[in-house]
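# Fold and contact review
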Amino acid sequence: MKKSRKNKMTLLISIFFFLLLLLRLSTAAPPGPRGYLLNCGASQLAPKVTVGSLQYITDEGFISVGNITKLPDPHLVPILSTLRYFPDKSARKYCYMIPVLKGGKYMVRTTYYYGGYDGGKTPPVFDQIIEGTKWSVVNTTDDYASGLSSFYEIVVVAMGKMMSICLARNHHTDPSSSPFISALELEYLDDSVYNTTDFKNHALSLVARSSFGPEADVIGFPDDVFNRQWHPFLDEHPVVTSHVNITPSTFWNLPPTKVFYNGMTTSRGKSLKFNWPPFPLPEAYYYISLYFQDNRSPSLYSWRVFSVVINGKTFFSNLNVSANGVSVYSARWPLSGQTLLELIPADNMPVGPVISAGEILQVFRLTGRTLTRDVMAMEDLARSLNYPPHDWSGDPCLPKDHFWTGVTCSDGKLARVTTLNLTNFGISGTLPPSINNLTALSHLWLGNNKLSGIIPDIGSLKELRTLHLENNQFEGIIPHSLEKLPHIHEVFLQNNNNLKSKALEALQKLGIHIEL
């Protein structure tokens, strides 16, 4: 009963936050980003903290595993002073489940600050997973050595009403350390933002988002309504200041006005050349969006023409940049290694090229997902069990090396649950009727536990070959649908509470191995 009440409370909390999200999305001018800002590891005694103009809430209710701790450094901003860590080495992943709008586009940002919480000196290395796809490896070693936090960001479309963001050990994770997280943010994006991406099959992982000028601080909320962070980038080139404000609504990606306050330029007749981002990139396709504005006051002469070249290949030819601003983009541009941008002026231009801001996001393919019917059935089963395995959250089948404990799945873009084996797990609870929806199931082994109630109808499990429910507390009538399963050849039901059925007689006549 204690576990059942906890499941109901978790469901009620999720419903509450989902209704809160709907309320935020329905307001014409929301007071903050439309989504969730989670301060991971914050206790329920201090459920809210404010950073700038943003309010973060505790992550309680969005995850049911892990330990929390507070770092002793009094100089840390609130969202870095607490963290949640995951010492359970038996779990294949540790998942946050966030209510979302199905089909909605979201920016997800994870933030990490190690702080030596476990007495070590080097942060652990581990994976992060979104919706069943390995998103990236979390390695904060260099940032931490410099006294900095690390963040990762991805843009993805929600395939269902819940989105899973998970952490998992990999072969780089030191056995003595544990994955951890400091903050988790999920922001709803307008339809126009990055809308040339095939989000049904792909996601965008942030590489760099920069304003090219001497801004001392990162540009974020409220200047950027989606709480995207624009980091300053400047090399030896001179900077010019804009004389007119940009209207963000004229740009698909809705950049903040503030990123146009300054621009990087060069003198008349020269090409503007610079390496950005300032680190090499893996060979892949990238979404690139560049933003420009002629900084001079609007007039008949406040425009300049130049071509944009990336690594020797023309990105845009004879771009005409006025005081109103302009952006150019590519949804899939190949990059590898160091990236060189060149802005080459047209002949007889009285001023040199100028650039205000830019974004680069890596395009990567989603690895698929588990069939929705199977996901719903497995989630229903998890709610029906008392103390299921700790990693029973997120996608049951994906990534392939992070199946739920006791679960085996098929390959393919739509994975299916094929085996469920929780023998000797010491679990209690009941089998929900929705178990009948796992129509690819070949083996159902739940023996030697404390399961009770009736055995539900399993007539749809046409692929089922073996059924092990022995040494439990089932009672009532064994479903007659058992005798209609074409591949069943082994049924173990012994040591339960007075199970009865005429179906077993028919099965015995067919030569099926039965223990009752």
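Throughout this description, residue numbers start from 1 for each chain and increase along the sequence as written. The model is predicted, so local features are restricted to residues of pLDDT at least 70 and side-chain atom pairs to those at 80 or more, both for listing and for counting; the totals for chains, interfaces and linings are taken over all residues. Side-chain calculation: all heavy atoms of the structure are included, whereas hydrogens and water are not.

Now for the overall build of the protein chain. Helix and strand counts for the protein chain stand at five helices and 38 strands. Only protein chains enter the area calculation, which uses a 1.4 Å probe; residues under 20% of their type maximum are buried, those over 50% are exposed, and those in between are partly exposed. Burial statistics for the protein chain: of 516 residues in total, 55% are counted as buried. At a minimum sequence separation of 6, the contacts of the protein chain that also span at least 24 residues come to 67%. All accessible areas in this document rest on Shrake-Rupley with a 1.4 Å probe, and a residue is counted as covered only by the protein chains that are shown. Total accessible area computed for the protein chain in this model is approximately 23,000 Å², and 54% of it derives from carbon and sulfur atoms. For the purpose of charge, His is not counted, nor are the chain termini; Lys and Arg are scored as positive and Asp and Glu as negative. Charge placement uses NZ in Lys and CZ in Arg. For Asp and Glu, CG and CD serve respectively. Computing the positive centroid from 45 side-chain charges and the negative centroid from 42, the protein chain places the two 5 Å apart. Each helix is a run of H or I in the DSSP string that is no shorter than four residues. Each strand is a run of E no shorter than two, and both are numbered from the N terminus. By definition in these notes, contact holds between two residues if any of their heavy atoms fall within 4.5 Å.

Attention now goes to the packing of aromatic side chains. Between the rings of Phe, Tyr and Trp (Trp by its six-membered ring), a pair exists once the centres lie within 6.5 Å; its type follows the angle of the planes, with under 30 degrees stacked, over 60 edge-to-face, and the other angles tilted. Within the structure shown, the criterion is met by 27 aromatic pairs. Residues Tyr117 and Phe180 carry aromatic rings whose centres are separated by 5.9 Å and whose planes lie at 50 degrees to one another, so their mutual orientation is tilted. Taken as a pair, Tyr117 in the loop between β7 (105-112) and β8 (126-130) and Phe180 in strand β12 (residues 180-181) lie far apart in primary sequence, 63 residues in all. Aromatic pair Phe260 and Tyr291: ring centres 6.3 Å apart, planes at 90 degrees, arrangement edge-to-face. Taken as a pair, Phe260 in the loop between β16 (239-241) and β17 (262-265) and Tyr291 in strand β19 (residues 281-292) lie far apart in primary sequence, 31 residues in all. Joined through ring pairs, the aromatic side chains of Tyr85, Tyr112, Tyr113, Tyr114, Tyr117, Phe126, Tyr144, Tyr152 and Phe180 make up one cluster. We note Arg209 situated over the ring of Trp230; from NZ or CZ to the ring centre the distance is 5.7 Å. Sitting over the face of the ring of Tyr285, Arg332 holds its NZ or CZ atom 4.1 Å from the ring centroid. Geometrically, a lysine NZ or arginine CZ counts as sitting over a ring once it is within 6 Å of the ring centre and also within 35 degrees of the ring normal.

Right, let's talk about the environment of Thr111 for a bit. Here Thr111 shows up in strand β7. Among the residues examined, Thr111 registers a relative accessible area of 8% and is labelled buried. Spatially, the C-alpha atoms of Thr111 and Ile181 are 6.5 Å apart, while their sequence positions differ by 70 residues. Setting aside chain neighbours within four positions, we find Thr111 in contact with Leu80, Ser149, Ser150, Phe151, Ile181, Ser182, Ala183 and Glu185.

Before going further, it helps to spend a moment on a positive patch on the surface. Residues Lys102, Lys161, Lys200, Arg332, Arg365, Arg369 and Lys413 make up a contiguous surface patch of positive charge. The topology assignment puts Lys413 in the loop between β28 (407-409) and β29 (414-415). Patches here are clusters of residues that have more than 30% relative accessible area and form no salt bridge, with a 9 Å joining cutoff for like charges and a 5 Å cutoff for nonpolar side chains (Val, Leu, Ile, Met, Phe, Trp, Tyr). Any carboxyl oxygen of Asp or Glu that lies within 4 Å of a side-chain nitrogen of Lys or Arg is treated as forming a salt bridge with it.

This part takes up the environment of Ile246. Mapped onto the elements of the fold, Ile246 is located in the loop between β16 and β17. A residue is classified by how much of its surface remains accessible, and Ile246, at 5% relative accessible area, is buried. Sequence separation of Ile246 and Met107 is 139 residues, and the distance between their C-alpha atoms is 24 Å. Not counting residues up to four positions away in its chain, the partners in contact with Ile246 are Phe251, Thr257, Phe260, Gln293, Ala323, Asn324 and Gly325.

The subject of this paragraph is the state of the cysteines. By definition, a disulfide links the sulfur atoms of two cysteine residues through a covalent bond. In this description, a disulfide is simply a cysteine sulfur pair whose atoms lie within 2.5 Å. Scanning the model with the defined rule gives two disulfides in all. Sulfur-sulfur distance for the disulfide between Cys95 and Cys166 comes to 2.1 Å. Classification of the bridge connecting Cys95 and Cys166 rests on its S-S torsion, roughly 105 degrees, and on that basis the disulfide is right-handed. With Cys95 in strand β6 (residues 94-99) and Cys166 in strand β11 (residues 162-168), the pair connects residues that are 71 residues apart, well separated along the chain. In this structure, Cys95 and Cys166 share a single accessibility class: buried. Sulfur-sulfur distance for the disulfide between Cys397 and Cys409 comes to 2.0 Å. When the S-S torsion is -75 degrees, as for the bridge of Cys397 with Cys409, the disulfide is left-handed.

Confidence per residue, as judged by the predictor, is encoded in pLDDT with a range of 0 to 100. In this model, the protein chain carries an average pLDDT of 90, and 92% of its residues clear a pLDDT of 70 or more. Predicted confidence is poor over residues 1-31, with pLDDT under 50, and the contacts of this stretch with residues over four places away or in other chains come to 38 contacts.

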